[in-house]
Amino acid sequence: LDLYAPMLRALGVREKFAPEDFVRSLASLRKKSAANTGQRGGQQQQQNQQRPLDSAQLELAQSMCRLLYQSVDPVERDELLRRTTCYAPDADGYMVRARDLVYNDEPDWASSVKLVDKRFVHPVVSNAAAAAIGVLSLRDYYLASQAACVEIPCPAPHVLKSITASLLAGHGYYVTGGGGN
């Protein structure tokens, strides 16, 4: 290949990928998986139809996410991601906007959490790579989500008082009186 290097350079072939190339590759995978679904149904239905990635495409998507994380300066990557839409495979192998995904940084919660407007990123994408391309952690999503705050039941006042009294008693403080439940 070294023999052809001058000719390849003269033709505009670069020696390494630019950061935009990784993002374009991910977008191309999304476009390709959507283009292969056929042309039936209304326009909105066509836009929402997509095939999951096959194993080779999934491996390529995972590699592009990893390389975007490992090979690109974080400041340059953050600026690029502000200007463009980055895609990543979801848990079912569909290409989705990275900002619509969460990565599982809390395995104990994952089975009980109901994701309202997000999906899990595919497990082949590491948490570090997912975070670098704009995927939220499950913890961050859960803490930032208004829906999560609404779904957390608050104990009855008498239960809170009992829990508080027990905690304080464990530290040598005792609650007396106080009126109400």
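Residues numbered from 1 in each chain as written. Predicted model: local features only at pLDDT ≥ 70, side-chain atom pairs only at ≥ 80, totals over all residues. Heavy atoms only, no water.

> Tell me about the overall build of the protein, and name the residues and values.
Helix and strand counts for the protein come out as ten helices and five strands. Put simply, the protein has 181 residues, and 30% of those count as buried. The contacts in the protein between residues at least 6 apart in sequence include a share of 60% that link residues at least 24 apart. (Helix = DSSP H or I, 4+ residues; strand = E, 2+ residues; numbered from the N terminus. Buried < 20%, exposed > 50% of the residue type's maximum accessible area, 1.4 Å probe, protein only. Contact = heavy atoms within 4.5 Å.)

> Go over the side chain of Q50, please, and point to the residues and values.
Secondary-structure assignment places Q50 in the loop between α3 (43-48) and α4 (55-71). For Q50, the side chain forms a polar contact with the side chain of S33, separated by 3.0 Å. Polar contacts involving the side chain of Q50 include one to the main-chain amide nitrogen of M95, which spans 2.9 Å. (Polar contact = N/O pair within 3.5 Å; in protein donor to acceptor, adjacent residues only side chain to side chain.)

> How would you summarise the environment of S137 if you had to cite specific residues and measurements?
Residue placement: S137 occurs in strand β5 (residues 136-137). Distance in space between the C-alpha atoms of S137 and F120 is 9.5 Å, their sequence separation being 17 residues. When near neighbours in sequence (up to four residues on either side) are disregarded, S137 contacts V102, Y103 and D105. At 2.9 Å, the side chain of S137 and the backbone nitrogen of D140 are in polar contact.

> Requested: an account of the packing of aromatic side chains, with residues and values cited.
Inspection of every chain in the model, using the stated rule, returns one aromatic pair. Here the aromatic rings of F17 and F22 are separated by 5.5 Å at their centres, their planes lie at 45 degrees, and the arrangement is tilted. Of the residues examined, F22 reaches a relative accessible area of 5% and is grouped as buried. (Phe/Tyr/Trp six-rings, centres within 6.5 Å; stacked < 30°, edge-to-face > 60°.)

> So what's going on with the confidence of the model for the protein? Residues and values would help.
Residues with a pLDDT of 70 or more make up 83% of the protein, whose mean pLDDT is 83. At the low end of the mean pLDDT range in the protein sits α3, at 42; at the high end sits strand β1 (residues 87-89), at 97. Low pLDDT, under 50, characterises residues 39-47; the stretch is placed with six contacts to residues that sit more than four places away or in other chains. (pLDDT = per-residue confidence, 0-100.)

> Any chance you could break down the environment of S25 for me, citing the residues and the numbers?
Mapped onto the secondary structure, S25 falls in helix α2 (residues 19-35). Note: C-alpha distance between S25 and M64 (39 residues apart in sequence) is 7.3 Å.

> Before we move on, could you go through the pattern of salt bridges and cite the residues and values that matter?
Within this structure, the stated rule accounts for ten salt bridges. Between R82 and E79 there is a salt bridge; the shortest N-O distance is 3.4 Å. One end of the pair, R82, and the other, E79, are both in helix α5 (residues 74-83), three residues apart, so they sit about a helical turn from each other. Beyond isolated ion pairs, a larger network of salt bridges with shared partners links E20, E79, R82 and R83. (Salt bridge = Lys/Arg side-chain N within 4 Å of Asp/Glu carboxyl O.)

> Just give me the short version of the packing of α2 against α4, but keep the residues and values in it.
It is the contact of α2 with α4, at a shortest axis distance of 9 Å, that shows an interaxial angle of 155 degrees. On the basis of their axis angle, the class for α2 and α4 is roughly antiparallel. Here α2 and α4 pass one another in a crossing that is left-handed. Together, P19, F22, V23, S25, L26, L29 and K32 of α2 and Q57, L60, A61, M64, C65, L67 and L68 of α4 make up the contact between the two elements. (Axes fitted to C-alpha atoms, helices over the stretch in contact; angles between N-to-C directions. Parallel < 35°, antiparallel > 145°, perpendicular 65-115°, else oblique. Left-handed = near helix turned anticlockwise from the far one by under 90°.)

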